[in-house]
Amino acid sequence: MTEEEFVQAVERYGDTVFRVAYSCLKNRADAEDVMQDTLLKLYRERRSFESEEHRRRWLIRVAVNQAKSLLRSGWFRRTVPLEEQLDQPVFDRPEEGELFEKVMALPKNYRLAVYLYYYEGYSVREVAELMRANLSTVQTWLMRARGLLQKSYKEAWSRDGS
Amino acid sequence: MDRKLFQETFSRLHASDEAKEEVLLMAMQQSTKRRGRLAAKTAGIAAAAMMGLVATAGAINAATDGQLFTTLTAVWSDGFKTVYQSESGDTFTGYQMRGDVEERDGRLFLLAGGEEIDITDTLAEDGSYTYEVKEEGFSLLVEVTGSPERWSCTNTVTVEDITYSDTVNSWETSTEDGVGVYVFENEGDGETGETSETAETGFSVEGKNSAAVNSVE
């Protein structure tokens, strides 16, 4: 890959890879580390991809694997320092912030499945391939994630109403 | 779940520009490191060249405020063209006007112009391999003769009207003591961003200058 092609790849896929990593790790610093490692793997990758979508999926799989490795290694941050909490995205509407908070409170696999399904627009089968999980497992994760989110919203509404 | 809300929400999540710029720099550094000895030699020759240039080229001397030594930091390279920045912020572009032959895993490679060319078969069949690159104001001709087991590599660099030449032989103990030529163009004032007079100068340095190598990062 030429340097010019790599610059384009970073611009095109950098945020995608970052969001996948953030969905797994829940903190910016580790997610950016994974983003960088993943993109550097792309830079060193000698194979040619069949299409941009093929390249995109390869990047997502690598990012997922990198994030899992980081979690297994124990080096990830278990608590988010205050300054990182302030590094959260800035939302235009309260409901965006609320949704973000609730999704980030889901278990790791649910978060990632939800992100790939609802944001990246992959089918359940494609999410299963990207996460190297069984189709039925992903279906369960998505169903439970929706259930937890609904419950969380109901509880919030109940609190607001009281 | 409201998919539209989900997409609007997560669209706010971006990697920082610093992280993206950093990975570009890492890739460039890897690209430079991958050429290993070539990049190190390039940097070493560049530093030696700076010293030589100070004595012979008025424009470069002025740009470095008459310093004999300055630290150059390579900020970008494709293996052939390297952009350096001095301590004062001046930028210089160097063109690595040299070809080197490297033996690797039983194969013979010519490293020149930012390329790595496997010349094993051509050399075995024809007994010679020629590489030429021409830029505005200077040219490099690399001629490798002999066989993959016993070869000679002759670099001929022409800068304006001046020609430099050297030959390195495979049977000699060190292949690193060849003549290196580095051409610099001063690209401007690091502070104001204005471009001063362009200096294009060719020169010849022999061997390695350890002091000069130390001054280049």
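Residues numbered from 1 in each chain as written. Chains lettered and ligands numbered in written order. Predicted model: local features only at pLDDT ≥ 70, side-chain atom pairs only at ≥ 80, totals over all residues.

### Observations regarding the pairing of strand S6 (residues 115-118) of chain B
Residue and element names in this part refer to chain B. Two strands pair when backbone bridges link them, and strand S5 (residues 107-112) and S6 are joined in this way by four bridges, in the antiparallel orientation. Within S6, the residue paired with leucine 110 across the bridge is isoleucine 117. Linking S5 back to S6 in an antiparallel pair, the connection comprises two residues, with glycine 113 at a positive phi of about 60 degrees. (Pairing = 2+ DSSP bridges. Helix = DSSP H or I, 4+ residues; strand = E, 2+ residues; numbered from the N terminus.)

### Observations concerning the confidence of the model for chain A
Of the residues in chain A, 88% reach a pLDDT of 70 or more, and the chain-wide mean stands at 86. When the elements of chain A are averaged for pLDDT, helix H4 (residues 82-85) of chain A gives the smallest value, 50, and helix H7 (residues 124-131) of chain A the largest, 95. (pLDDT = per-residue confidence, 0-100.)

### A short note on the confidence of the model for chain B
Residues and elements named next belong to chain B. For chain B, the mean per-residue pLDDT works out to 64, and 47% of the residues sit at or above 70. Every residue in residues 34-70 scores below 50 in pLDDT, and together they form 72 contacts with partners more than four places removed in sequence or on other chains. Note that pLDDT drops below 50 for residues 173-217; the model gives that stretch 121 contacts with residues more than four away or on any other chain. Overall fold confidence for the complex sits at a pTM of 0.51, while the interface term, ipTM, reaches 0.84. (Contact = placed C-beta atoms within 7 Å.)

### Here's the deal with the interface of chain B and chain A
Taken together, the contact pairs 23 residues of chain B with 27 residues of chain A. Listing elements by their share of the side of chain B that touches chain A, those giving two or more residues are helix H1 (3-10) and helix H2 (17-34) of chain B. It is H2(B) that provides the largest number of residues to the side of chain B that touches chain A, a total of nine residues. Across the side of chain B that touches chain A, the residue classes break down as twelve nonpolar, five polar and six charged. (Nonpolar A, V, L, I, M, F, W, Y, C, P; charged D, E, K, R; others polar.)

### Some points on the packing of helix H1 (residues 3-25) of chain A against helix H6 (residues 108-119) of chain A
All names here are of chain A. Close contact between H1 and H6 brings their axes to 8 Å; oriented N to C, the two are set at 155 degrees. Here H1 is positioned roughly antiparallel relative to H6, judged by the angle of their axes. Viewed along their axes, H1 and H6 form a crossing whose handedness is right-handed. In this structure, H1 contributes Arg19, Val20, Ser23 and Cys24 to the contact, and H6 contributes Lys108, Arg111, Leu112 and Tyr115. (Axes fitted to C-alpha atoms, helices over the stretch in contact; angles between N-to-C directions. Parallel < 35°, antiparallel > 145°, perpendicular 65-115°, else oblique. Left-handed = near helix turned anticlockwise from the far one by under 90°.)

### Concerning unusual backbone geometry
Working note: non-glycine residues mostly have negative phi, and peptide bonds are mostly trans. All names here are of chain A. Phi at lysine 26 is positive, roughly 65 degrees, even though this residue is not glycine. Mapped onto the fold, lysine 26 is located in the loop between H1 and helix H2 (28-44). If you check the backbone angles, arginine 132 has positive phi at about 50 degrees while not being a glycine. Position of arginine 132 relative to the elements: it lies in the loop between H7 and helix H8 (135-161).

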